[in-house]
Amino acid sequence: YKSVSYGRAGIDVSFADASLWVTLSGTALSRMDRNQTKTPLVREAIGILSSRTNLAPYDLVSFVTGVDSRQFGSEGFGAGSGTYATNARFPATLDTGENVGKWRIIAHEIGHAWLGYQDLYGLTNWTQYVGGWDLMELPESAASELISWHRFLSGWISDSLVRCVSRTQVTTNFIAPLSSNKETAKSIVVKLGSNTALVIERRMPTEFDAVTDSVIVYLVDTSIATGAGPIRLRGALTKVGDQVTTDGVKISIIKMN
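Residues numbered from 1 in each chain as written. Predicted model: local features only at pLDDT ≥ 70, side-chain atom pairs only at ≥ 80, totals over all residues. Heavy atoms only, no water.

Draft legend 1. Looking closely at the overall build of the protein. A count of helices and strands for the protein gives three helices and 10 strands. Along the chain direction, N to C, the helices and strands of the protein fall in the order α-β-β-β-α-α-β-β-β-β-β-β-β. For the protein, with 257 residues in total, the buried portion stands at 43%. Considering only contacts within the protein whose residues lie at least 6 apart along the sequence, 53% involve residues at least 24 apart. For the protein, the computed accessible surface area is about 13,600 Å², with 51% contributed by carbon and sulfur atoms. (Helix = DSSP H or I, 4+ residues; strand = E, 2+ residues; numbered from the N terminus. Buried < 20%, exposed > 50% of the residue type's maximum accessible area, 1.4 Å probe, protein only. Contact = heavy atoms within 4.5 Å. Areas by Shrake-Rupley, 256 points an atom, 1.4 Å probe, with all protein chains shown as cover.)

Draft legend 2. Focus on the sheet that holds strand β8 (residues 231–237). Strands sit in the order β4-β5-β6-β7-β8 across an open sheet of five strands; the sheet is mixed. A strand with exactly one partner marks an edge of an open sheet, and here the two such strands are β4 (162–165) and β8. Here the average twist between neighbouring strands, direction ignored, is 20°. Looking at chain direction, strand β7 (residues 214–221) and β8 are connected through six bridges and run antiparallel. (Pairing = 2+ DSSP bridges. Axes fitted to C-alpha atoms, helices over the stretch in contact; angles between N-to-C directions.)

Draft legend 3. Summary view of the pattern of salt bridges. Going through the model one piece at a time under the given rule, you end up with seven salt bridges. The partner of Arg203 in a salt bridge is Asp209, with the nearest N and O atoms 2.8 Å apart. A relative accessible area of 2% places Arg203 in the buried class. Notably, a salt bridge pairs Lys239 with Asp242, separated by 3.0 Å at the nearest N-O pair. By relative accessible area, Asp242 is classed as buried at 16%. In the salt-bridge network here, residues are joined through shared partners; they are Glu201, Arg203 and Asp209. (Salt bridge = Lys/Arg side-chain N within 4 Å of Asp/Glu carboxyl O.)

Draft legend 4. Geometry of the nonpolar core. One finds Tyr1, Leu146, Trp149, Trp156, Tyr218 and Ile231 to be the most contacted residues of the largest nonpolar core, which totals 30 residues. If you list the elements that add at least two residues to this core, you get α2 (103–115), β6 (196–203) and β7. Among the elements that take part in this core, β7 stands out by supplying three residues, more than any other. Apart from residues lying up to four places away in sequence, Tyr1 is in contact with Ala9, Ile11, Ala107, Ile110, Gly111, Trp114, Leu115, Leu135, Leu146 and Trp156. Among the nonpolar cores identified, the runner-up in size contains 16 residues, and Leu198, Ile200, Val215 and Leu237 belong to it. (Core = buried A, V, L, I, M, F, W, Y, C linked by side-chain atoms within 4.5 Å.)

Draft legend 5. Representation of α2 in the model. Compared with the 18 Å implied by 1.5 Å per residue over 13 residues, the 17 Å span of α2 between its first and last C-alpha is a close match. Looking only at α2, the buried set comprises Ile105, Ala107, His108, Glu109, Ile110, Gly111, His112 and Ala113. Gly116 occupies a position one or two residues after α2 and carries a positive phi of about 75°. (Expected span 1.5 Å × (residues − 1).)

Draft legend 6. Main features of the environment of Pro40. Position of Pro40 among the secondary structure elements: in helix α1 (residues 39–52). On a C-alpha basis, the gap between Pro40 and Ser30 in space is 9.5 Å, while along the polypeptide they are 10 residues apart.

Draft legend 7. Geometry of the side chain of Arg202. Note that Arg202 resides in strand β6. Among the polar contacts made by the side chain of Arg202, one reaches the side chain of Asp213 at a distance of 2.8 Å. A polar contact of 3.5 Å, which involves the side chain of Arg202, links it to the backbone oxygen of Asn257. For Arg202, the residues in contact, after removing those within four places along its chain, are Ile175, Ala176, Pro177, Leu178, Asp213, Ser214, Val215, Met256 and Asn257. (Polar contact = N/O pair within 3.5 Å; in protein donor to acceptor, adjacent residues only side chain to side chain.)

Rendered as structure tokens:
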């Protein structure tokens, strides 16, 4: 997060003393609600933990089970709705089973609970809607960094670094690689409707991002819920002359260096 935020954000982790660890009777499965979600488990654990220690200094609580607990995967819980936490204050994550200790999964769940990012893979069909270009897809196969839209929403890319373009005009725009720390334009946004926009950005391999040097184009639709494809890849261009026409907009690479 320090890397993808250009040093504007970071996470300091404190491990709870063993005396604060939560032990629950029965099974985790017995705490799943009728929709087979982990909410009751997290709610109960937060309730017990908050009765043992002051959680006020912290922004996020992350629960990690034993590595042999395979009933669940991982999940992030936001506190805004008041549904997940006893006192509706603490966002939380839950990492269990084979997911324990995998840093990309931990980062993915923190993206949900801390920053409110949506899942960009199909929750029922496992579709990779963004083609592996963002951490919020399936963490095992997706890129480890974040698209410019997520960084913009989090305030790490300022308004001045986003070029807003009308689809009724022909324009030429220079954008720096998304990983660049320079105060140079990072993305192009083409408004399509009240809920939709095309976003264009340049991606290059980094310490955390095992991607191909490309210009990617994706559609953002804020009316679509998490797990149903709110962001969808429209194309990945890799060399001068490559182009894609989508949603009434033609995007071409005329120079790349």
